[in-house]
Amino acid sequence: LDKEKKTSKGFGFVHFMIPEHASRARSELAGSAFQGRVLFVVPAKKAQGNNPEELSEADSRRLSSYQQKKELERRGAVHKKEGWNSSY
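On a predicted model such as this, the values are computed, not experimentally measured, just so you know. (Residues numbered from 1 in each chain as written. Predicted model: local features only at pLDDT ≥ 70, side-chain atom pairs only at ≥ 80, totals over all residues. Heavy atoms only, no water.)

**Some words on the overall build of the protein chain**
Then, in step 1: Each helix and strand counted, the protein chain has three helices and two strands in total.
Then, in step 2: In the protein chain, the succession of helices and strands from N to C terminus is α-β-β-α-α.
Then, in step 3: Accessible area for the protein chain stands at about 8900 Å²; split by element, carbon and sulfur atoms hold 54% of it. (Helix = DSSP H or I, 4+ residues; strand = E, 2+ residues; numbered from the N terminus. Areas by Shrake-Rupley, 256 points an atom, 1.4 Å probe, with all protein chains shown as cover.)

Have a look at this one:
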């Protein structure tokens, strides 16, 4: 939030299938105005420490070894097609 105006700064993510389209959009839109605001267009960066195979240090301290094991199993099952609701 913008502290002075108490409004959202606004941001978005766009994924391009063709890299040339992404670089063209970046060069054409960076610095342009949209609804009274200047657009800043920068490439996204992968979040550090966002590995589903490991727990954060804070999670490791707060969870028991059993809870850590279950959390890692839950994270590993995120991309599986089958699950409790697969028949619906």
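**Thoughts on the pattern of salt bridges**
Then, in step 1: Tallying each qualifying case throughout the model produces four salt bridges.
Then, in step 2: Measuring nitrogen to oxygen at the nearest pair gives 3.4 Å for the salt bridge that ties E73 to K70. Taken together, the positions of E73 and K70, both in helix α3 (residues 65-76) and three residues apart, correspond to about one turn of that helix.
Then, in step 3: A relative accessible area of 38% places K70 in the partly exposed class. (Salt bridge = Lys/Arg side-chain N within 4 Å of Asp/Glu carboxyl O. Buried < 20%, exposed > 50% of the residue type's maximum accessible area, 1.4 Å probe, protein only.)

**Section: the environment of R26**
Then, in step 1: Position of R26 among the secondary structure elements: in helix α1 (residues 19-29).
Then, in step 2: Along the chain, R26 and V41 lie 15 residues apart, while their C-alpha atoms are 5.8 Å from each other.

**A short note on the confidence of the model for the protein chain**
Then, in step 1: In the predicted model, the protein chain carries a mean pLDDT of 79, and 78% of its residues have values of at least 70.
Then, in step 2: Of all the helices and strands in the protein chain, helix α2 (residues 57-62) carries the lowest mean pLDDT, 81, while α1 carries the highest, 91. (pLDDT = per-residue confidence, 0-100.)

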